[in-house]
Amino acid sequence: MKLLLDFVPLVLFFIAYKLYGIYAGTAVLMGATVVQMAIIYLMDKKLSAMHKATLALILIFGALTLILKDDRFIKWKPTVLYAAMAVALAVALWGFGKNFLKMMLGSQITLPENVWARLNTTWVVYCLFMAAINGYVAAYYSTDAWASFKLWGYVFPLAFIIGQGFYVARHIVDDTDKPAEPPGDVQ
């Protein structure tokens, strides 16, 4: 459900872009993202750091696009978001010894430490890849090609998330599989 909800602003952007151009598409994306975040907030009673960052960047880069009438801002927003995520994950793990993925998801699933470390590294590489590919398309292709890439390029996150799901499923530690603690000395 949430993955579908994440896809809705992108589809609405693409439709508005094809019908009315980049500026209408940007305005629709901004509005749809605000509504999306409100729905997520109503469902979860909170927004994750990722949701807050996404909302902030879409509103900031969208506003710059509309005010300055320059589509480069909205086209580079995904690159900035992915690069910032990669840097945050890398600095947290390798600079401070903190695994953000484990901090965010550790209460929901139990995984061995080495799996959390591999997941974090994989997310860093994935985010760098997505930043690079969006930056390349934004820099060297037309706005029309970039908009199509944004829609059809959604296959990258879907494939990545499905792959991560299969990987994580193999390593989930079930609390019922753990041996019971031996009773303490009874006197």
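Cut-offs and rules
- Residues numbered from 1 in each chain as written.
- Predicted model: local features only at pLDDT ≥ 70, side-chain atom pairs only at ≥ 80, totals over all residues.
- Heavy atoms only, no water.
- Helix = DSSP H or I, 4+ residues; strand = E, 2+ residues; numbered from the N terminus.
- Buried < 20%, exposed > 50% of the residue type's maximum accessible area, 1.4 Å probe, protein only.
- Contact = heavy atoms within 4.5 Å.
- Areas by Shrake-Rupley, 256 points an atom, 1.4 Å probe, with all protein chains shown as cover.
- Lys, Arg positive; Asp, Glu negative; His and termini not counted.
- Charge placed at Lys NZ, Arg CZ, Asp CG, Glu CD.
- Axes fitted to C-alpha atoms, helices over the stretch in contact; angles between N-to-C directions.
- Parallel < 35°, antiparallel > 145°, perpendicular 65-115°, else oblique.
- Expected span 1.5 Å × (residues − 1).
- Arc of directions from axis to C-beta.
- Left-handed = near helix turned anticlockwise from the far one by under 90°.
- Nonpolar A, V, L, I, M, F, W, Y, C, P; charged D, E, K, R; others polar.
- Patch = residues over 30% accessible without salt bridge, like charges linked within 9 Å, V, L, I, M, F, W, Y side chains within 5 Å.
- Salt bridge = Lys/Arg side-chain N within 4 Å of Asp/Glu carboxyl O.
- Polar contact = N/O pair within 3.5 Å; in protein donor to acceptor, adjacent residues only side chain to side chain.
- Bend = angle between axes of the 7 residues up to and from the residue.

Student: Honestly, the overall build of the protein chain in this entry has me stumped. Any pointers?
Tutor: Within the protein chain, the regular secondary structure consists of eight helices and zero strands. Reading the protein chain from its N end, one meets helices and strands in the order α-α-α-α-α-α-α-α. Counting only C-alpha atoms and orienting by the principal axes, one finds that the protein chain spans roughly 80 × 35 × 25 Å. Buried positions account for 37% of the 187 residues belonging to the protein chain. If you take every contact in the protein chain between residues at least 6 apart in sequence, the share linking residues at least 24 apart comes to 65%. Summed over its atoms, the accessible surface of the protein chain is roughly 11,200 Å², and 70% of this surface lies on carbon and sulfur atoms. Here the protein chain contributes 15 positively and 11 negatively charged side chains, and the mean placements of these two sets differ by 11 Å.

Student: It is not clear to me how the packing of helix α6 (residues 113–140) against helix α7 (residues 143–152) should be interpreted in this structure. Could you clarify?
Tutor: One way to put it is that α6 packs onto α7 with a least axis distance of 8 Å and a crossing angle of 155°. As summarised for this structure, α6 and α7 are arranged roughly antiparallel, according to the angle between their axes. Facing α6, whose interface residues are I133, N134, V137 and A138, α7 presents A145, W146, F149 and K150.

Student: Any chance you could explain helix α8 (residues 155–171) here in plain terms?
Tutor: Side chains of residues three or four places apart in an α-helix project in the same direction, reflecting 3.6 residues per turn. Spanning 17 residues, α8 covers 25 Å between terminal C-alpha atoms, matching the ideal 24 Å at 1.5 Å per step. Within α8 the residues assigned to the buried category are P157, F160, Q164, Y167 and V168. Viewed end-on, α8 has its buried residues packed into an arc of 95°, placing them on one side of the element. Residues of α8 that are exposed and angled more than 90 degrees away from the buried face: I162, F166, A169 and R170. Buried residues along α8 sit against α4 (72–96) and α6.

Student: I tried to follow the side chain of Q164 on my own but got confused; where do I start?
Tutor: Note on placement: Q164 falls in helix α8. Not counting the four nearest positions on each side in its chain, Q164 is found in contact with L119, T122 and W123.

Student: Help me understand the packing of α4 against α7, please; the structure alone is not making it clear to me.
Tutor: Angle between the axes and distance between the axes are the two parameters that describe a pair of packed helices. Packing of α4 against α7 leaves a shortest axis separation of 11 Å and a crossing angle of 35°. The interaxial crossing formed by α4 with α7 has left-handed handedness. Residue-level inspection shows I74, K75 and P78 of α4 in contact with α7, the latter providing T143, W146 and K150. Here the residues of the contact of α4 with α7 are counted per class, giving three nonpolar, one polar and two charged.

Student: Can you help me understand a nonpolar patch on the surface in this one?
Tutor: Side chains of L4, V8, L12, I15, L19, Y20 and V28 sit close together on the surface and give an oily, nonpolar patch of about 680 Å² of accessible area. In terms of residue count, helix α1 (residues 2–20) provides more of the nonpolar patch than any other element does, six residues in total. Checked against the element boundaries, L12 lands in helix α1.

Student: Please clarify how the side chain of T143 should be interpreted in this entry.
Tutor: Along the polypeptide, T143 turns up in helix α7. Exposure remark for T143: the relative accessible area of 15% places this residue in the buried category. Polar side-chain contacts of T143 include one of 3.2 Å to the side chain of K75. Non-local contacts of T143, meaning those with residues more than four positions away in its chain, are made with Y17, I22, D71 and K75.

Student: Honestly, α4 in this entry has me stumped. Any pointers?
Tutor: A rise of 1.5 Å per residue sets the reference length of α4, with its 25 residues, at 36 Å; its end C-alpha atoms lie 34 Å apart and thus fit the reference within 8%. Its maximal kink placed at P78, α4 deviates by approximately 25°. Backbone geometry just after α4 places G97 at a positive phi near 70°.

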